[in-house]
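Here is what each chain is made of, one letter per residue.
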Amino acid sequence: ATVIMRSVKSSFTVVGPDKTAVLEREPQFEWTSAPGAKGYRLVVYSAQNQLLHEATTDQNALRPGTALRLQPGQRYRWKVDALGVLKPVSASGSFTVAVDAVREEMIGLKASVGNDAAARAFFATPLEAQGHTHDARSEWKALARDYPDQTEFGTRAR
């Protein structure tokens, strides 16, 4: 008999920001839950591999706030380690911070759409098209919270 062993890929992954340009200067980092994890360690690095921020949490999201100073036009990478698991597991992502001109344009556009669901959805769509997927997802999540009967918003928020 032949035995074939296959490794099972971890379902522990980053949700965001990853492979995107963010408008926020203080983004929230989010990842999926790791089975059996007692907590998580978030580490953010500069493009030159300099450690910029490190924190632990028992949640699967963390917003460092002003403790992490991000610069426009710069690229960053981050990783999250699951703590308290039998086999160490990590997930990582990378992102760029949008330059000020782009950020100001998109923030101005958001202010002009107001609270109307259709206008907010229209705002989220160009965010996605211009590579701001993390910010677009945040807008879709907010729309899904504000309009729970609109299944399209919940679907786009994932």
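Cut-offs used in this document
- Residues numbered from 1 in each chain as written.
- Predicted model: local features only at pLDDT ≥ 70, side-chain atom pairs only at ≥ 80, totals over all residues.
- Heavy atoms only, no water.
- Core = buried A, V, L, I, M, F, W, Y, C linked by side-chain atoms within 4.5 Å.
- Buried < 20%, exposed > 50% of the residue type's maximum accessible area, 1.4 Å probe, protein only.
- Helix = DSSP H or I, 4+ residues; strand = E, 2+ residues; numbered from the N terminus.
- 1 Å grid on protein atoms, 1.4 Å probe; cavity = no way out; pocket = protein on both sides within 12 Å on 5 of 7 lines; lining within 4 Å.
- Points joined across faces, edges and corners; volume = space filled by probe spheres on them.
- Nonpolar A, V, L, I, M, F, W, Y, C, P; charged D, E, K, R; others polar.
- Pairing = 2+ DSSP bridges.

### Remarks on the nonpolar core
Phe12, Phe29, Trp31, Tyr40, Trp78, Val80 and Phe95 are the most contacted members of the largest nonpolar core, which totals 21 residues. Elements that contribute at least two residues to this core include exactly strand E3 (29–31), strand E4 (39–46), strand E7 (75–83) and strand E8 (89–97). Val113, Ala117, Ala124 and Phe153 belong to the second-largest nonpolar core, a separate cluster that totals 15 residues.

### Comments concerning the layout of surface pockets
Of the volumes computed, that of the second largest pocket is approximately 170 Å³. Lining the second largest pocket are Leu23, Glu24, Met106, Ile107, Lys110, Phe123, Leu127, Asp135, Ser138 and Glu139. If you list the elements that add at least two residues to the lining of the second largest pocket, you get helix H1 (100–113), helix H2 (117–129) and helix H3 (133–146). Of the residues belonging to the lining of the second largest pocket, the class tally is 5 nonpolar, 1 polar and 4 charged.

### Topic: the sheet that holds strand E6 (residues 61–62)
One key point about sheets: their strands pair by backbone hydrogen bonds, in either a parallel or an antiparallel sense. A sheet is described by the order of its strands in space; here 3 strands give the open sequence E1-E3-E6, paired in antiparallel fashion. The sheet terminates laterally at strand E1 (14–16) and E6, the two strands that pair on one side only. Two elements, E1 and E3, share 2 bridges in a ladder whose sense is antiparallel. Pairing of Gly16 across the sheet is with Glu30, part of E3.

That is the geometry; function is a separate question.
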